[in-house]
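Chain residues, written in single-letter form:
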Amino acid sequence: MDILRGKFQRSVFRKYWMFYLMMLPGIAILVVNNYIPMFGILIAFKNINYTDGILGSPWTGLRNFEYLFKTKDAWIITRNTLLYNGSFIVLNLIVPLAFALMLNEMRSRFLAKLHQTIMFLPYFLSMVVVSYLAFAFMSDEHGFLNTTLLPMLGLDEVKWYFTKEVWPYVLPLVNTWKWVGYYTVIYMAAIIGIDEEYYEAATIDGASKWKQMTRITIPLITPVIVIMTLLQIGRIFNADFGLFFQVPRESGVLFPVTNVIDTYVYRTFLTVGDIGLSSAAGLLQSVVGFTLVFLSNWIVRRINKDNALF
């Protein structure tokens, strides 16, 4: 049996050798960019000094991980990271899906493409640019909100960068504004791939637009929705550094509601200069994300195997 299996594998290789050859550049890039740098994981378990190098530096075990859990800010940064990313996952599902469904129902394809392009523009802006746009709205002296909008509504000015109560709403709003176009395009592509015969049959049966969306469109793009959600769950322990560092403009008053694991590690590195602490935090985030993806995918497979990522 093993001999027959070996002969079959050799015949397959001889038949498709050109495709295997075409794979080599991609495999080489994957190994060089993704796997060889994983050697740096050692840094998370060592007390690095530049005299002895990575291999010669003394081992510290799990000591580099302890500072994430033993500091007074451990609960705050963990809570902020999880709650913000949880809200981002929900908003990046509901809002783009709603826009995709509405754009799909527009009669004018030109207007649909125009709206889609305009929504996609913020995705290309760096967080530095986004932070200045946010500052143009929320500046104490010259911001649009304080100089124009709030006076029109008869409301008092707000010192946005010194009022921590508003930032749990500002940051999800900014994140959704930046990413809504990206996810809308993905869901639109999935909707466009649905066979028109389903809608024709539903129309003949007297189904309304609402029923067509809830009974045809959403069920058929559910695998795409699940995949996009799983990918976001995998990064639930990783915060968008630019969003939490650039947009609040390093206002210390806002740290209780804007400080997350990534920004905390960055500030710790600037203060202490220990790359082992930073590497430990990055490794912890990666391991937790990897575990959550597998756990979430396992749950999805138990519910519906066809919707699972793998």
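Structure: above.
Conventions used here
- Residues numbered from 1 in each chain as written.
- Predicted model: local features only at pLDDT ≥ 70, side-chain atom pairs only at ≥ 80, totals over all residues.
- Heavy atoms only, no water.
- Helix = DSSP H or I, 4+ residues; strand = E, 2+ residues; numbered from the N terminus.
- Buried < 20%, exposed > 50% of the residue type's maximum accessible area, 1.4 Å probe, protein only.
- Contact = heavy atoms within 4.5 Å.
- Lys, Arg positive; Asp, Glu negative; His and termini not counted.
- Charge placed at Lys NZ, Arg CZ, Asp CG, Glu CD.
- Axes fitted to C-alpha atoms, helices over the stretch in contact; angles between N-to-C directions.
- Parallel < 35°, antiparallel > 145°, perpendicular 65-115°, else oblique.
- Left-handed = near helix turned anticlockwise from the far one by under 90°.
- Salt bridge = Lys/Arg side-chain N within 4 Å of Asp/Glu carboxyl O.
- Polar contact = N/O pair within 3.5 Å; in protein donor to acceptor, adjacent residues only side chain to side chain.
- Expected span 1.5 Å × (residues − 1).
- Bend = angle between axes of the 7 residues up to and from the residue.
- Patch = residues over 30% accessible without salt bridge, like charges linked within 9 Å, V, L, I, M, F, W, Y side chains within 5 Å.
- Areas by Shrake-Rupley, 256 points an atom, 1.4 Å probe, with all protein chains shown as cover.
- Phe/Tyr/Trp six-rings, centres within 6.5 Å; stacked < 30°, edge-to-face > 60°.

Engineer: Even after reading the chapter, I still don't get the overall build of the protein chain, so can you show me in this structure?
Structural biologist: Looking only at helices and strands, the protein chain has 16 helices and zero strands in total. In terms of overall dimensions, the protein chain has a C-alpha envelope of 65 × 65 × 35 Å along the principal axes. When each of the 310 residues of the protein chain is scored for burial, the buried share is 35%. In the protein chain, of all internal contacts separated by at least 6 residues, the share reaching a separation of at least 24 is 65%. When the 25 positive and 20 negative side-chain charges of the protein chain are each reduced to one mean point, those points stand 11 Å apart.

Engineer: Explain the packing of helix 15 (residues 261–272) against helix 16 (residues 275–303) to me, please; I cannot follow it from the model alone.
Structural biologist: A pair of packed helices is captured by two measures, namely the crossing angle of their axes and the spacing between those axes. Across the interface, helix 15 lies against helix 16 with an axial gap of 8 Å and an inter-helix angle of 165 degrees. As far as their axial angle goes, helix 16 and helix 15 are roughly antiparallel. For the pair helix 15 and helix 16, the crossing hand works out as left-handed. Two secondary-structure elements touch here, helix 15 through Ile261, Asp262, Val265, Thr268, Phe269 and Val272 and helix 16 through Ile275, Leu277, Ser278, Ala281 and Gln285.

Engineer: Explain the pattern of salt bridges here, please?
Structural biologist: A side chain of one charge can pair with a side chain of the opposite charge if their charged atoms are brought near each other. Across all of its chains, the model carries two salt bridges by this definition. Where arginine 267 meets glutamate 250, a salt bridge forms, and the shortest distance between an N and an O atom there is 2.5 Å. Pair noted here: arginine 267 is in helix 15 and glutamate 250 is in the loop between helix 13 (241–246) and helix 14 (255–258), with a separation of 17 residues, a long-range link. For glutamate 250, a relative accessible area of 36% corresponds to the partly exposed category.

Engineer: It is not clear to me how the side chain of serine 57 should be interpreted in this structure. Could you clarify?
Structural biologist: Note that serine 57 resides in the loop between helix 3 (53–56) and helix 4 (63–70). Look at serine 57 and you get buried, because its relative accessible area is 2%. Within the structure, the side chain of serine 57 is placed 3.2 Å from the backbone nitrogen of asparagine 49, a separation counted as a polar contact. Look past the residues within four positions of serine 57 in its chain and what remains in contact with it is Lys46, Asn47, Ile48, Asn49 and Asp52.

Engineer: Would you explain helix 9 (residues 167–192) in this entry?
Structural biologist: Residues that lie three or four places apart on an α-helix share one face, since the helix turns once every 3.6 residues. The terminal C-alpha atoms of helix 9 lie 37 Å apart, and with 26 residues this matches the ideal 38 Å at 1.5 Å per residue to within 8%. The principal kink in helix 9, of about 45 degrees, is found at tryptophan 179.

Engineer: Help me understand a negative patch on the surface, please; the structure alone is not making it clear to me.
Structural biologist: A cluster of acidic residues, Asp195, Glu196, Glu197 and Glu200, forms a negative patch at the surface. Its place among the elements puts glutamate 196 in helix 10 (residues 196–204).

Engineer: Where do I start with the packing of aromatic side chains in this structure?
Structural biologist: Each aromatic ring pair is described using two quantities: the centre-to-centre distance and the angle formed by the ring planes. Taken as a whole and assessed by the stated rule, the structure comprises 20 aromatic pairs. Relative to phenylalanine 294, the ring of phenylalanine 290 lies with its centre 4.8 Å away and its plane at 50 degrees, an arrangement referred to as tilted. Residue phenylalanine 290 and its partner phenylalanine 294 are located together in helix 16, separated by four residues, close to a single helical turn. Look at phenylalanine 290 and you get exposed, because its relative accessible area is 54%.

Engineer: Sorry, what's going on with the side chain of threonine 81 here?
Structural biologist: Considering the arrangement of structural elements, one finds threonine 81 in helix 5 (residues 74–104). There is a polar contact of 3.1 Å between the side chain of threonine 81 and the backbone nitrogen of isoleucine 261. Not counting chain neighbours up to four residues away, the residues in contact with threonine 81 comprise Ile236, Phe237, Asn238, Val260 and Ile261.

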